[in-house]
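Okay, here's what each chain looks like letter by letter:
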Amino acid sequence: MAKTFVVTLKRSTIKCTQDQKDAVRILGLKKLHQTVEVKDSAAARGNIMKVQHLLDVEVKG
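Cut-offs used in this document
Residues numbered from 1 in each chain as written. Predicted model: local features only at pLDDT ≥ 70, side-chain atom pairs only at ≥ 80, totals over all residues. Heavy atoms only, no water. Helix = DSSP H or I, 4+ residues; strand = E, 2+ residues; numbered from the N terminus. Buried < 20%, exposed > 50% of the residue type's maximum accessible area, 1.4 Å probe, protein only. Contact = heavy atoms within 4.5 Å. Pairing = 2+ DSSP bridges.

Asks: Please explain the overall build of the chain as it appears in this structure.
Replies: Helix and strand counts for the chain come out as 2 helices and 3 strands. Each helix and strand of the chain, placed in order from N terminus to C terminus, yields the pattern β-α-β-α-β. Dimensions of the chain along its principal axes, counting C-alpha atoms only, are 35 × 20 × 15 Å. The buried share among the 61 residues of the chain stands at 33%. For the chain, the share of sequence-separated contacts (at least 6 apart) that also reach a separation of at least 24 residues comes to 73%.

Asks: I keep staring at the pairing of strand E1 (residues 4–9) and nothing clicks. Help me out?
Replies: Each regular strand shows side chains that alternate between the opposite faces of the sheet. Here E1 lies mainly inside the structure; 6 of its 6 residues are buried. Residues Thr4, Val6 and Thr8 of E1 are buried on one face, and the alternating residues Phe5, Val7 and Leu9, pointing to the opposite face, are buried as well. Of the pairings in the sheet, the one linking E1 to strand E2 (residues 35–39) comprises 5 bridges and is antiparallel in character. Bridge pairing in E2 places Val7 opposite Val36. Across 6 bridges, the pairing between E1 and strand E3 (residues 55–60) is antiparallel. Across the sheet, the residue bridging to Thr4 is Lys60, located in E3.

The structure is reproduced here in structure tokens:
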């Protein structure tokens, strides 16, 4: 079974740079307190690291 991340958007992207807003959208998050499961990959890890101050991340699997 592949490892996945359970990612929740905890803070707003209002004062963030466009790169950070794009990273949040790429992860599939659109609203505050929305939770998605993201498959483990290098691209997903990079996007999570870029906006880790906005997210709550849990490892599943």
